[in-house]
Protein chains: 2
Amino acid sequence: MTLVYYFGQGKADGNAKMKAELGGKGANLAEMTSLGLPVPAGFTIATEVCMDFLENGEKYPASLEAEVAEALAKIEAAMGARFGSKESPLLVSVRSGARVSMPGMMDTILNLGLNDVVVEALARNSDNPRFAFDSYRRFIQMFANVVKGLDAHVLEDALENLKQHRGVIDDTDLNAQDLKHLVEDFKGIYSRELGEEFPQDPQKQLWAAIGAVFRSWNCNRANKYREIHGIPNNWGTAVNVCAMVFGNMGETSATGVCFTRDPSTGENVFYGEYLVNAQGEDVVAGIRTPKTLSLLQNEMPGVYEQLNGVRLSLERHYRDVQDIEFTVQDGRLWLLQTRNAKRTTQAALKIAVDMVHEGLLSRKEAIARVKPNELEKLLHPTLDPRAHRQVIAKGLPASPGACSGRVVFDSKEAEQWAARGEAIILVRDETSPEDIAGMHVSKGFLTARGGMTSHAAVVARQMGKSCIAGCGALQIFAKDRFFKVGKLEVFEGDWLTLDGSSGEVMLGKVNTREAELSSEFSTFLAWAKALGVMNVRANADTPRDARAAREFGAEGIGLCRTEHMFFDEARLPVVREMILAQNNQERARALAKLLPFQRQDFVEILKAMQGFPVTIRLLDPPLHEFLPQTERDIHNLSTQIGMSVDEIRLRVSQLHEANPMLGHRGCRLGISHPEIYEMQVCAIAEATAQLHSEGVDAQPEVMIPLVGHAQELKWLRDRLEILSAETYKSASAALNAKPKTEGIPFGTMIEVPRAALTANQIAEHADFFSFGTNDLTQTTFGFSRDDSAPFLKVYARENILKDDPFAVVDQEGVGQLIQWAAEKGRARKPTLKVGVCGEHGGDPKSIEFFNQVGVNYVSCSPYRVPVAILSSAQAALQ
Amino acid sequence: MTLVYYFGQGKADGNAKMKAELGGKGANLAEMTSLGLPVPAGFTIATEVCMDFLENGEKYPASLEAEVAEALAKIEAAMGARFGSKESPLLVSVRSGARVSMPGMMDTILNLGLNDVVVEALARNSDNPRFAFDSYRRFIQMFANVVKGLDAHVLEDALENLKQHRGVIDDTDLNAQDLKHLVEDFKGIYSRELGEEFPQDPQKQLWAAIGAVFRSWNCNRANKYREIHGIPNNWGTAVNVCAMVFGNMGETSATGVCFTRDPSTGENVFYGEYLVNAQGEDVVAGIRTPKTLSLLQNEMPGVYEQLNGVRLSLERHYRDVQDIEFTVQDGRLWLLQTRNAKRTTQAALKIAVDMVHEGLLSRKEAIARVKPNELEKLLHPTLDPRAHRQVIAKGLPASPGACSGRVVFDSKEAEQWAARGEAIILVRDETSPEDIAGMHVSKGFLTARGGMTSHAAVVARQMGKSCIAGCGALQIFAKDRFFKVGKLEVFEGDWLTLDGSSGEVMLGKVNTREAELSSEFSTFLAWAKALGVMNVRANADTPRDARAAREFGAEGIGLCRTEHMFFDEARLPVVREMILAQNNQERARALAKLLPFQRQDFVEILKAMQGFPVTIRLLDPPLHEFLPQTERDIHNLSTQIGMSVDEIRLRVSQLHEANPMLGHRGCRLGISHPEIYEMQVCAIAEATAQLHSEGVDAQPEVMIPLVGHAQELKWLRDRLEILSAETYKSASAALNAKPKTEGIPFGTMIEVPRAALTANQIAEHADFFSFGTNDLTQTTFGFSRDDSAPFLKVYARENILKDDPFAVVDQEGVGQLIQWAAEKGRARKPTLKVGVCGEHGGDPKSIEFFNQVGVNYVSCSPYRVPVAILSSAQAALQ
């Protein structure tokens, strides 16, 4: 088994595919070497040695020493220099390099090989004693800190003292003599602090550095980084030992970073920056301002031309935009690293589309390149990155996009402020369907309670507005119109800015940038749509949402909730009249008043989505959600409908529920009050007949919510299907139109475990299943989405749950039910259509799972539609 | 295929086992005939003919006519009489008889065969013209009503007119001449009303009567009866045609009913009553008071002796108590029916035990004879059946037993009234754990909301008190201290009586009878316990409950809830202090105060249940349940613990939950506030060490509630198990005692679907599973037990759900999860102990299912323990 992989002079033991063994950096250095590019010779110690070392009491495999010696000898031969030589000494860098990039998390040691003798040779050979001693003191600093764990400021203090003593400000103002003394000071401090002399033997230096880099795999920040990014702890890091080249040897030397295309815009221009007479560290330190790459063309035309050649060949070779580190030593170009460049979403899209057009990539490859979640950012305003921000609290990033507005604490106020033309932000403990009107006129919502699928969050995503939920730091005193964060008090009318993508709440007005959709966006989405197996629909309750969804590529509506229609100001009193009716006549009268409203709703939404199916869910929430809760509202209603305040109060209290989520709602309501669903089904049938008579291809589907037992669905379908057919027929006849449908399909939500467990029985009465994964997650876990934020926070911290199950579908539990239900349902009825309309329908990881289990379509909020389309395409490609 | 089964003169085509074909009555008539007992000859038309007749447009199978004719000829031969004969005519009865008794639901026609000529022969032969014409007019009445559907009062009016005209009150005061005229009147009315003459042809009469009896299978009341009793509609009824015998032919004739033992007490005495010179109808009509059977011994000693012989042989033959109908015609005994006697629970137990002692039955057979649900009645007071009752409303029979008391509307008042020695009944919209103290001192609870497993219902069953829940007719105005039912107003202090077994709410004080346990009860339970495979434990939270449970035969505690201990008046302020603590020190201080209380709780309960396991569930409810809700209580608490009212209000509102059932409770609380469970586990370990040091065999088990993910259980067990072991060790050491346990077992509730779905993973960290079937039913269906009563009522009415899933476990959904979890759990850990501690642990149907899926024990409220023991035994026998 090879443990050490050499590269140099056009030949390499490894290649770019060996990232697992060599880490990203090592694999790419080998690849570039084989391509004939100018890479300083070096070798990579494989990642497996790391785990071996860490698990076996820091002992190395027996063969390692010999392999390293052999590889080192090859470097010496290649570079014409010798490790520890008094004449032409070889210096090396020792760097980490894991399978995936963990920038800055692990350790690096440069200029290794220097000692009291070698430094003199370096001074001589470079004819630059200042450079030589500066390199030596840097090496001692790094070695003491990284290898020996000496607190960095101990040696830095000595440097500062020297500068004060010499009356200079910058390191660069110290001369060779100063630095020579500094080296002596450093060695003195080193031996005092660490109880041993600074090692003069380059071999000892080398092995100590290798061990330190391996050890740094397990340092705190690296562990934390892996935890956050889900990187396995047993991958280990490679160690890259490379001949040093110096960009700081004078005016013919330089160091820089370049990108084969602009990583911000994606434009196909050579982009980068460099510093003459500098080392990489200096670029990072930011003391001197680097120059843009184009200037190099004048300053070092030969090097530039060579670098441009490297750019073209690396991009063509890797078929992706590269981020390249280079050093020019005395007019000679060296490449130190190449990797796939990080880029903005906008750039990623442009690059992917351009590369397809350039013939560099296939469409499938282009689709696989873009992270779905990134797409949504393009649809929402973002904060101006240069603007000052005063972050006062952080909540859950519940709906992306940035917005500013003035604080308002209730929905009624919100409407009044908005009517005056004010931009407002609605701040509440939590929102409820009664707040819909106020939410419509707000720029964004901020809630103290609730999680990623709370009412506020779901509505915000649907409307494409910003939302920060579960911001526990807020103490809201709505009656007194202010909230507190710690000691800070924020009053009604104060300006606030929300970043719904990060969860940050900022005081004052921070400038935002509007979203703009590029032509590449449309091209890219069209490709993705063609590749996906699952269709993507939107959850949309209004014609406006439906139009937005179509614009973003939705092929139908998977969930049209009818309850939001009931909260409209003009209708709510009638809805309440219906609920409070004392007898069937009164109720029928109220429902008759609601029917024309509902019909008009359906006409508009079916028209907006013509040519695609629209799944209309019959009334779902418990009736008490529509009743007034405050004394003021109860009194108003009493005046409006002529029922005594006491009577209303009594009915409100009778309808109160301990756990409304598990209460008298959904099909339970439809069965106990069949007249409500009957009205809705009539409205759907009449709307459809009307549109069909006008030549509009309306495709409604009726969805019964919360079914847990086949009998529930059968009972309702038996009644509603006949009614629907007859109503459609008579409405068509009244319009002198020929019927154009054989019947409106009926289906059900699968959103309680029992429905999934008995899916075979339920399928008998359903044309389609739509998994309501929010409620299914609530009932499968026994988690209330409105109440789980406090403990889910603890669960995340304690690693009890990897993902928020309301954001990423829980495959082991909820997913098992979904898979079971889809299989059992189809076994009973092979034509059964299966969709997902919960929030997970817009989550890439979840979509991948839904694709695996054979779901036909996912439905998500309009602004997630592009994300879902891309996820569906990627899932199909896997 | 035989359609007609003859019986007579000691020979019969059928037998007692053929109830499916012949119905109960026909099968037993055949059996008695074969036994050589005096049964009038007759035949039975099989039940299948009924379905055939009803489904094929009331046509009979081709062969039926010939078979009937043949059987009729045999009757004639046996009885020495001929159908329609002018000399010695045969009369027959035509009766229904289904596979199971449906008393009074279907039709019967007596005296068939009479016509204008035959009646004269009957008058002559009997030398009793009055008897003959009375029989004829009865026959016309029955025939017109049953066969022709003539409204009964039409002919009765004619009879009444005649009586008025003749100036007599009783039918018996009419003489032969009167009745002869009445017959003429009847025939006239008959032809006028029905447009046809009364049929004179006995054959026509017979076939019309057979058809009418078959048709009566489908009459409304029979359909309704079958629906209620779950009798399949396709069983059909048999028709029994039997030679008439007459108990009304003079002083040597009689008719009566007898039981082989006393059906009220079970005593082995010959029990019954009879009327001389009467027909069965007369006994039912209740005009004459029947004599007790013992008098027959003097009046007709030969007949009595013969009847007593029949009693002994039938009981021995059927090995069960018989209910026998007999007629004495002119000194000759005839048996008309025998069947297993209905009996009281008390009698059932005594009979079963006595019959085992008499060698009539095996223990297993005795065990199978008693209905488990009946047993509970023996443990509770019952209403005096003779007392007057004014029922004002009916709710769910949530906890059995009758009680009277004065109405009180809140828990605090309840305590005050009870302290004054008043018997009280707590009336509330619903109860919560905060009401526990008031519930303890009440005789029973009446709630307007909630179902069979609401808080009130569960606590009532546990405490063995009466409870009527979900009594929707009640409008409670607690603040004004009265409730309304319709227009009736009931005020605080008014007397109310509850029958928790029927759900009836009665105004005033109705006398009750105390429960008494017989020695047979203990014997019977001991036999059952020996036969059951599953153990039976009790759900008990107090030493008092634990003792009651032991008395009723419990072998351990399957669920000891610790939260009720927190509501004790002395502790609640400390609990609140702990919840509202601002920092860890404060919380630790409060918990340290609670620990000695908890330890003492556990000492007492473990001692009461010594020698048996006690499963202690760590704190389950959300913390806000312990906080004050009313302004008064908030102010009191503020004074008690010195926290500002505003601060308390804020914390109460912060802890408020939209759906507490799915909220921050159970193990979620244990993970976010580990110090609470730590305190509880220390208290358990210390209590155990103390008892062990005293030589008491304490067997605690720690149960973690609401686990849905293996990581939750692992996280908690990792912490608590070590703590438990160390605490036990150090407490033992402090007492100078040798440790007597290797470790307290840890297990979990399986009460959310995800736990069942991932049971294999969870089993890895659990010594036992206990199915919390209440919560599992709530989450699997998505039904809140507190809010589902209104729609479950509709579901029952509409036949959507056969059983209340909170009363009888839903095998298709919840049961599937239980079976899956038990299998997966044991596959991972074969030693896993599996129990059930939800309310279903006391339900016979559910217990049968639990036995099937291999549950090791069920746990139920103490008063259901006998029911569960018997159910477990019966399940094992199947």
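Each chain has its residues counted from 1, following the order in which its sequence is written. Each chain is given a letter, starting from A, and each ligand a number, starting from 1, according to the order in which they appear as written. Predicted model: local features are reported for residues with pLDDT of at least 70 only, side-chain atom pairs are reported and counted for 80 or more only, and whole-chain, interface and lining totals are derived from all residues. Side-chain calculation: all heavy atoms of the structure are included, whereas hydrogens and water are not.

Before going further, it helps to examine the interface of chain B and chain A. How big an interface is tends to be reported as the loss of accessible area on association of its parts. Contact definition: two residues touch when any of their heavy atoms are within 4.5 Å. Taken together, the contacts link 53 residues of chain B with 52 residues of chain A. Using a 1.4 Å probe, buried area is obtained as the accessible area two parts lose upon being combined, added over both of them. Of all residues in chain B, B:Leu662, B:Arg754 and B:Ile800 give up the largest surface area on contact with chain A, accounting jointly for 14% of the area buried on that side. Every case where a carboxyl oxygen of Asp or Glu lies within 4 Å of a side-chain nitrogen of Lys or Arg is listed as a salt bridge. Viewed at the interface, chain A and chain B are joined by 4 salt bridges. Two residues, B:Asp810 and A:Arg754, come together in a salt bridge whose shortest N-O distance is 2.7 Å. In the analysis that follows, any N or O atom pair within 3.5 Å is treated as a polar contact, provided that within protein one partner can donate a hydrogen and the other can accept it, and provided that, for residues neighboring in sequence, both atoms belong to side chains. Across the contact surface, chain B and chain A share 24 residue pairs in polar contact (both at pLDDT 80 or more). Runs of H or I in DSSP of at least four residues are treated as helices and runs of E of at least two as strands, each being numbered from the N terminus. Going through the elements one at a time, strand S21 (474-477), helix H25 (645-655), helix H26 (667-672), helix H28 (710-734), helix H29 (753-757), helix H31 (773-781), helix H32 (789-797) and helix H33 (811-828) of chain B are the ones with two or more residues in the side of chain B that touches chain A. Looking at the side of chain B that touches chain A element by element, the count peaks at 5 residues for H33(B). Asp, Glu, Lys and Arg are counted as charged, while Ala, Val, Leu, Ile, Met, Phe, Trp, Tyr, Cys and Pro are counted as nonpolar; the rest, among them Gly, fall into the polar class. In the side of chain B that touches chain A, the residues fall into 22 nonpolar, 20 polar and 11 charged.

On to the sheet that holds strand S13 (residues 332-340) of chain B. Within a beta sheet, neighbouring strands are joined by backbone hydrogen bonds and run either parallel or antiparallel to one another. Residues and elements named next belong to chain B. Pairs of strands are assigned from DSSP output, requiring at least two bridges between the strands. Sheet architecture is open: 5 strands sit in the order S11-S10-S9-S12-S13, paired in antiparallel fashion. Edge strands, defined here as strands with exactly one partner in the open sheet, are strand S11 (291-292) and S13. Relative to S13, strand S12 (residues 322-329) runs antiparallel, the two sharing 8 bridges. Note that in S13 the partner of Val 328 across the bridge is Leu 333.

Let's shift gears to unusual backbone geometry. With phi around 55°, A:Arg319 is a residue other than glycine that occupies positive phi space. One can find A:Arg319 in the loop between helix H12 (301-318) and strand S12 (322-329). Of note, the phi angle at B:Asn111 is positive, near 65°, even though the residue is not glycine. Structurally, B:Asn111 is set in strand S7 (residues 108-112). By relative accessible area, which is 1% here, B:Asn111 ends up buried. Summary of the burial criterion: residues with accessible area below 20% of their type's maximum are buried, those above 50% are exposed, and those between are partly exposed, where the area comes from a 1.4 Å probe applied to protein chains only.

All names here are of chain B. Assignment of secondary structure puts Gly 97 in strand S6 (residues 92-98). Take Gly 97: its relative accessible area is 8%, and that puts it in the buried class. Sequence separation of Gly 97 and Ala 212 is 115 residues, and the distance between their C-alpha atoms is 13 Å. Each residue touching Gly 97, except ones within four places of it in the same chain, is listed here: Leu 22, Gly 23, Gly 24, Thr 237, Ala 238 and Asn 240.

All names here are of chain A. Pairs were defined over the aromatic rings of Phe, Tyr and Trp, the Trp ring being its six-membered one, requiring ring centres within 6.5 Å. Orientation was assigned from the angle between planes: stacked under 30 degrees, edge-to-face over 60, tilted for the rest. Across all of its chains, the model carries 44 aromatic pairs over all chains by this definition. Summarising the aromatic geometry, the rings of Phe 477 and Phe 482 are spaced 4.9 Å apart at their centres and angled 15° between planes, so their arrangement reads as stacked. Take Phe 477: its relative accessible area is 25%, and that puts it in the partly exposed class. Centroid distance Phe 566 to Phe 626: 5.8 Å. Interplanar angle 45°. Geometry classified as tilted. Of this pair, Phe 566 sits in helix H21 (residues 563-566) while Phe 626 sits in the loop between strand S29 (613-617) and helix H24 (631-641), placing them 60 residues apart in sequence. Of the two residues examined, Phe 566 and Phe 626, each falls in the buried class. A connected cluster of aromatic rings, assembled from ring pairs, spans Tyr 136, Phe 139, Phe 143, Tyr 190 and Phe 198.

The next subject is a negative patch on the surface. The grouping of B:Glu21, B:Glu48, B:Asp52 and B:Glu55 at the surface amounts to a negative patch. Take the negative patch: its biggest share by element is 3 residues, from helix H2 (residues 47-55) of chain B. Like-charged residues are merged into a patch within 9 Å and nonpolar side chains (Val, Leu, Ile, Met, Phe, Trp, Tyr) within 5 Å, provided each residue has over 30% relative accessible area and no salt bridge. With residues, only the protein chains shown are counted as cover, and all accessible areas are computed by Shrake-Rupley using a 1.4 Å probe. In this count, Lys and Arg are taken as positive residues and Asp and Glu as negative ones, while His and the chain termini are left out. Lys charges are placed at NZ, Arg charges at CZ, Asp charges at CG and Glu charges at CD.

Further remarks concern the confidence of the model for chain A. Averaged over all residues, the pLDDT of chain A is 93; the fraction at 70 or higher stands at 99%. Here the predicted complex scores 0.83 on pTM and 0.83 on ipTM. Summary of the metric used: pLDDT quantifies the predictor's per-residue confidence within the range 0 to 100.

All names here are of chain B. Here the expected span of a helix is defined as 1.5 Å times the quantity of residues minus one. Counted at 1.5 Å a residue, the expected span for helix H12 (residues 301-318) with its 18 residues is 26 Å, and the 25 Å between its end C-alpha atoms agrees. For H12, every residue scored as buried is listed here: Val 303, Tyr 304, Leu 307, Val 310, Arg 311, Leu 314, Glu 315 and Tyr 318. All buried residues of H12 lie within an arc of 120° about the axis, which places them on one face of the element. Turned more than 90 degrees off the buried face of H12, the exposed positions are Glu 305 and Arg 316. At the exit of H12 stands Arg 319, carrying a positive phi of roughly 55°. For this quantity, the arc is that covered by the directions from the helix axis to the C-beta atoms.

Attention now goes to the pattern of salt bridges. Residues and elements named next belong to chain A. In this structure the tally under the stated criterion is 102 salt bridges over all chains. Here Lys 593 ties to Glu 577 by a salt bridge, and the two come within 3.0 Å at their closest N and O atoms. One end of the pair, Lys 593, is in helix H23 (residues 584-608); the other, Glu 577, is in helix H22 (residues 572-580), with 16 residues separating them in the sequence. Here the residues in one salt-bridge network are Glu 563, Arg 617, Asp 620, Arg 665 and Asp 775, joined through shared partners.

Let us now look at the relation of the copies chain B and chain A. The operation linking the two copies of the chain is a rotation about an axis combined with a translation along the axis. When chain B is fitted onto chain A, the two copies agree to an RMSD of 0.2 Å after a turn of 180° and an axial shift of 0.0 Å. What we have between these two chains is a two-fold relation. Both copies contact each other with a shared surface, as 98% of the interface residues of chain B are interface residues in chain A too. When the copies are overlaid, the least-squares fit takes in C-alpha atoms only where the residue has pLDDT of at least 70 in both copies.

Residues and elements named next belong to chain B. The pairing of strand S22 (residues 482-485) with strand S23 (residues 488-491) spans 4 bridges and is antiparallel. Looking at S23, one finds that Lys 484 is bridged to Glu 489. Count of turn residues in the S22/S23 antiparallel hairpin: 2 residues, of which Gly 486 carries a positive phi of about 60°.

What follows deals with the packing of helix H13 (residues 345-357) of chain B against helix H19 (residues 519-531) of chain B. Residues and elements named next belong to chain B. Where H13 contacts H19, the axes come no closer than 9 Å and their chain directions differ by 70°. Considering their axes alone, H13 and H19 lie roughly perpendicular with respect to each other. Regarding H13 and H19, the two cross each other, and that crossing is left-handed. Counting all contacts with H13, which are made through Leu 349, Lys 350, Ala 352, Val 353, Asp 354, Val 356 and His 357, the residues of H19 involved are Glu 520, Phe 521, Thr 523, Phe 524 and Trp 527. Broken down by class, the residue content of the contact of H13 with H19 amounts to 7 nonpolar, 2 polar and 3 charged. Interaxial angles span 0 to 180 degrees and are taken between N-to-C directions of axes, which are lines fitted to C-alpha atoms, for helices over the stretch in contact. Just so you know how the angles are binned, under 35 degrees is roughly parallel, over 145 roughly antiparallel, 65 to 115 roughly perpendicular, and the rest oblique. For a crossing to be left-handed, the near helix must be turned anticlockwise from the far one by less than a right angle; the clockwise case is right-handed.

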